[in-house]
Amino acid sequence: MNALEVTGIRKCFGGVVALSNGNLVCQFGKITGLLGANGSGKSTISKIITGVYAADEGEIKYNGKAIKYRNPHEAKRDGIAMIFQNLSLIPDLTVWQNIVLGAETKKGMFLNNKQAKILSQEIIGQLQPGLDINRKVSELNPGEMQIVEIAKAISSEPRLLILDEPTAALEQEQVQNLFKYMRRLRHQGVSMIFTSHRIWEVMEICQDVIIFRNGENVGAINSEVEAMDPEKIISFITGEANHRQFTKADHKPSDDTVLRIKDLNYGKSLKNISFDLKKGEVLGIGGLAGQGQSELMLALAGSFPQLKGEAYINGKKIRLIRPKTAIRNNILLVPGDRQLEGLLMNHSLYTNMIFPKLAQKRQPLFTPRKKYRKECQDIIKALSIKAHSLDTVVGTLSGGNQQKVVVGKWLSFSTSVLLLADPAKGVDVGAKREMYEYILKEVKDKQMSIILYASDSEELMQYCDRLMIMYEGKAVAMLTGEEINEDTIVATSMRIRQ
Amino acid sequence: MNAQAIRKDIRKWIFKPETSSLLIFLLMLLITVLLQKNFFESQSLVRSINAFAPLILMTMGQAIVMISGTIDLSAGPALSLMTCVLTYIMKTNDPVTGVTAFIVTLLVAVLIGVINGFGAGYLRIPPVILTFATSYIWLGAALFIRPTPGGQTVDWFKAFYDFGSVKNAPAGLVAFGKVIPPALLLVLIGCVLWYILSKTRTGRYLYAVGSNGDSAYASGINTAKLQMKAFILNALYIFLASLFFVGQNLSGDARMGDPMTLKAIAAAVVGGIAMSGGRGSVYFAIIGALIMSLVNKIIFFANIPNAYQTLVSGLIVVAAISSSMIYTKVSHSEKNKENA
């Protein structure tokens, strides 16, 4: 018996076809995985099911009954909840207020806050023990916000739960907690649709996998019929018959030191961190999530005025306590949270991409529009950003394409040190490869140095010359050459081996 | 509770942004008390409350609108219009017209809120433009029914200002009014109204809509309806203020409310209400209104020459706002240091 049957969905935004023929079946009490490249239509079909968008054509059957919701609230009333990729939380309310938002219960005339807190504590306690439900959401980090978002969807006790890339912002341990919870929900008979870019996650948790490409479903794998084969899944996603194996780019960093960091300290997050960065080198930052990696990236970009320690760029001492200092010395940060720090969501691609340029010290009085538009076009082509034109509003792009814009806008600069904070978050396999290849080409051509923090250790293994493992704010190991492999990374990250 | 827990509580309290407005208020109160020797005598206290109450009510209403993420630039003219309607309907010799005037003006208040709320919430007209435009409509309507200040009132309407001035008022009520004047009662009604509201869905959703309208909508909240409710509530607070004004002046005036609009907005901001919406407390907006009111008092009792009064009051307000901003910034970075 199928909980949900979606057939022949078509949806256009302006002139762009987001979905040409979307089909989807979700069985009772099973977890169905949706995979696909950026803009392949996975998010769109989820949003059509829950009524965020209205389909142009097609039919949706829920429990055998044809449905058409006008907004997510109507879907929720029927037991369909969706965890949004773009967080739907209220920053100024507390964790528990957000969890029950829109579904508050009353006790007499007033709201029943006691019961709401108990309910929130119960769910949060299982997803992330130790998260204080009385904190305001604006004080949380992206991973914690995602947990709250998930808790909010679960609190309505849905019969069908749609998770749109819930793990992109999560750390390993949080993902495992979430999977545990999902398995429990499955045993209670809840059907789920799970979207992720991390293939191994989908293989681990899903019973069925449906793969989307260019607005239609191109393949399906049922784990009860055949084994999940990652190569086969990737070939469905990319559409290439033979999936090319990654090879490590053969570039050799020179011996000149670009950046020397000595005894960096910042509160409890960073403790005595020292390292040298060579010209043309890709230095990876790894370890379990939340061990001070993001703080280190921010510190190097000059975001912390209270930072203690010494920094030398090309032998010259600098005080890294203001973003301005970092930028003047050509240290540029590509931030991890594209929605908050990276993009002006309501503006066009072009505006977003030239902003860093306009902020430079020496600018002609009139912006050389033609020249800049040409440069932007080149970057869009190089990163294969899927957009109608340069004037497309960034907020309407898919998540992966947005992330490419964040990276892309810094690439035209004469950078000496590029800081990448999880640049591939929410970017699909194919686009990820293109992005990194482009970055590595720039490294080679312009002799840039890169410090790369990625939550996915596969990326680190593929692209880093050296890998610094962090643990509780300290740099506990520096891996080089052959040492950079899954085994050693996991072992040193968990402090099994030193 | 052990000493450490108490210290933690105190720290938490110090880091609250509202604390700064409270500290500024206490400082200004101290200055006022030093300047005005008889501040705590009951008669001068009543005078102070009478002077402060209208702004407090207007600020509470404005605070609700601002929390919901909009702003009301028509609050002052709306106040004027209500005083004009009240005095237009009332006839001195007929006490019953007081009741009619009360009900009709209440309906006018709701209508004002509905018009503003419909435009800002449902039609999505930017509230600054919308309420700027409607402020002229209220002003025009007020001038139409009362081109010059004046009008009639029934005798019992004086009760909104002073129980003692009503003819044949019961002695007990007059004595009660000496301790708790009508102005204070009106403010208390406003506080109770907000207290009840803050415990309901509407109260919670006001913050949600002001903080992030899109997210609130995605959570199934009718954001347009909520902003409409905010404007209606604001109009009710203005209505309370208009009752006091008519009780005090026994006349209506189409222009008397004009300076109140921006004063109330400034008071709300001083009290910690965010212009961007979603943040702040209506109770602390009262503190903001008190700070703004004390500015006038200090200037009066410090014997500042007439020519400089406006200038000095501007400087005091700037000092109050900037010191509150600096306090918030310092306490915020201290808090970050602690959490780091």
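Residues numbered from 1 in each chain as written. Chains lettered and ligands numbered in written order. Predicted model: local features only at pLDDT ≥ 70, side-chain atom pairs only at ≥ 80, totals over all residues.

> Tell me about the overall build of chain B, and name the residues and values.
Across its full length, chain B holds 14 helices and zero strands. Along chain B, from the amino end to the carboxyl end, the secondary structure elements read α-α-α-α-α-α-α-α-α-α-α-α-α-α. The C-alpha radius of gyration of chain B comes to 21 Å, within 12% of the 20 Å expected for a compact globule of 340 residues. Principal-axis analysis of the C-alpha atoms places the extent of chain B at approximately 70 × 55 × 45 Å. Residue burial in chain B is summarised as follows: out of 340 residues, 46% are buried. For chain B, restricting intrachain contacts to residue pairs at least 6 apart in sequence, the fraction spanning at least 24 positions comes to 76%. (Helix = DSSP H or I, 4+ residues; strand = E, 2+ residues; numbered from the N terminus. Rg over C-alpha atoms; globule rule 2.2 N^0.38 Å. Buried ≥ 20, exposed ≤ 12 C-beta atoms within 10 Å, placed from the backbone. Contact = placed C-beta atoms within 7 Å.)

> Outline the interface of chain A and chain B, supporting the account with residue identities and numerical values.
Often, the extent of an interface is quoted as the loss of accessible area on bringing the components together. With 21 residues of chain A at the interface, the matching set in chain B holds 18 residues. Secondary-structure elements contributing two or more residues to the side of chain A that touches chain B are α2 (72-77) and β8 (110-111) of chain A. With three residues, α2 of chain A is the largest single contributor of residues to the side of chain A that touches chain B. In terms of residue class, the side of chain A that touches chain B is built from ten nonpolar, seven polar and four charged. (Nonpolar A, V, L, I, M, F, W, Y, C, P; charged D, E, K, R; others polar.)

> Which residues make up the sheet that holds strand β16 (residues 308-313) of chain A, and what values go with them?
All names here are of chain A. Judged by pairing direction, the sheet is antiparallel, and its four strands sit side by side in the order β14-β13-β16-β17 without closing on themselves. On the outer flanks of this sheet lie β14 (270-278) and β17 (316-318), each paired with one strand and no other. Strand after strand, the sheet turns through a mean of 15° between neighbouring axes, direction not considered. Taken together, the six bridges between strand β13 (residues 257-266) and β14 define a ladder with antiparallel strand orientation. Its bridge partner lying in β14, Leu259 is registered against Leu277. (Pairing = 2+ DSSP bridges. Axes fitted to C-alpha atoms, helices over the stretch in contact; angles between N-to-C directions.)

> Provide a residue-level description of unusual backbone geometry, including the pertinent values.
All names here are of chain A. A positive phi angle is found at Glu157, which is not glycine, with a value near 50°. For Glu157, the location among the structural elements is in the loop between α5 (142-155) and β9 (160-164). Despite not being glycine, Asn314 has its phi angle at roughly 50°, a positive value. Mapped onto the elements, Asn314 comes out in the loop between β16 and β17.

> Can you break down the environment of Lys158 of chain B residue by residue, with the values?
Residues and elements named next belong to chain B. Tracing the sequence through the fold places Lys158 in the loop between α6 (127-145) and α7 (171-179). Judged by the 20 C-beta atoms lying within 10 Å of it, Lys158 falls in the buried class. It is 20 Å that separates the C-alpha atoms of Lys158 and Leu236, two residues lying 78 residues apart in sequence. Aside from chain neighbours lying at most four places away, what touches Lys158 is Ser165, Val166 and Gly247.

> Break down the sheet that holds strand β21 (residues 466-471) of chain A for me, citing the residues and quoting the values.
Residue and element names in this part refer to chain A. The strand order β18-β19-β20-β15-β21-β22 describes an open sheet built from six strands, whose pairing is mixed. Whereas interior strands pair on both sides, the edge strands pair on one side only; in this sheet they are β18 (331-334) and β22 (474-480). Direction aside, neighbouring strands of the sheet carry axes that sit 20° apart on average. In this sheet, β22 lies alongside β21 in antiparallel orientation, the contact comprising six bridges. Across the sheet, Arg466 pairs through a bridge with Thr480, a residue of β22.

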